[in-house]
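Observations on the model geometry
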Amino acid sequence: MSLIVTCPNCGPREVAELRCAGETTKRPGPDPTVRELNEYIYFREGTWGVQREWWFCRACEDWFLAERHTYTNEVERTWLPEPAA
């Protein structure tokens, strides 16, 4: 049984057509310390439950966000990110 994830552009897709890039993170400020940079690059929360993740669709070549339950693997919702200001 394959995981189906809904791309906001293309609709439902098998996970083989997508790439999960992991959970979202918050970027450090304009003058980060070495510790802040290391935490940003290497450490993740590893949430048990619903976590927000970046996904890439190979069909439309676009990035989108998804909320996926890490235990049941159920994708609760997907959406396109807001444009950077």
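This text follows the structure it describes.
Okay, so let's go over this structure. (Residues numbered from 1 in each chain as written. Predicted model: local features only at pLDDT ≥ 70, side-chain atom pairs only at ≥ 80, totals over all residues. Heavy atoms only, no water.)

Turning our attention to the side chain of Glu53. Mapped onto the elements, Glu53 comes out in strand 4 (residues 50-57). Here Glu53 falls in the buried class, since its relative accessible area comes to 1%. Side-chain polar atoms of Glu53 contact the side chain of Trp55, separated by 3.1 Å. Apart from the residues within four sequence positions on either side, Glu53 is in contact with Cys20, Gly22, Glu23, Thr24, Phe64, Leu65, Ala66 and Arg68. (Helix = DSSP H or I, 4+ residues; strand = E, 2+ residues; numbered from the N terminus. Buried < 20%, exposed > 50% of the residue type's maximum accessible area, 1.4 Å probe, protein only. Polar contact = N/O pair within 3.5 Å; in protein donor to acceptor, adjacent residues only side chain to side chain. Contact = heavy atoms within 4.5 Å.)

This part takes up unusual backbone geometry. A positive phi angle, near 55 degrees, is found at Glu61, a position not held by glycine. Looking at the secondary structure, you find Glu61 in the loop between strand 4 and strand 5 (62-69). A relative accessible area of 61% places Glu61 in the exposed class. The backbone phi angle of Asn73 is positive, close to 65 degrees, even though this residue is not glycine.

What follows deals with the state of the cysteines. Enumeration according to the criterion identifies zero disulfides in this entry. The thiol of Cys20 is not disulfide-bonded; the next cysteine sulfur, from Cys57, is found 13 Å away. (Disulfide = S-S within 2.5 Å.)

On inspection of all chains with the given rule, the structure shows five salt bridges. Of the charged contacts, one joins Glu39 and Arg35 as a salt bridge, the two residues approaching to 3.1 Å between their closest N and O atoms. With Glu39 and Arg35 both in helix 1 (residues 34-42) and four residues apart, this pair spans about one turn of that helix. On the accessibility criterion, Glu39 (36% relative accessible area) is partly exposed. Residue Glu67 is joined to Arg77 by a salt bridge in which the shortest nitrogen-to-oxygen separation is 3.3 Å. Separated by ten residues along the polypeptide, Glu67 in strand 5 and Arg77 in strand 6 (residues 75-79) bring together distant segments of the chain. For Arg77, a relative accessible area of 41% puts it in the partly exposed group. The network of salt bridges with common partners includes Arg52, Glu67 and Arg77. (Salt bridge = Lys/Arg side-chain N within 4 Å of Asp/Glu carboxyl O.)

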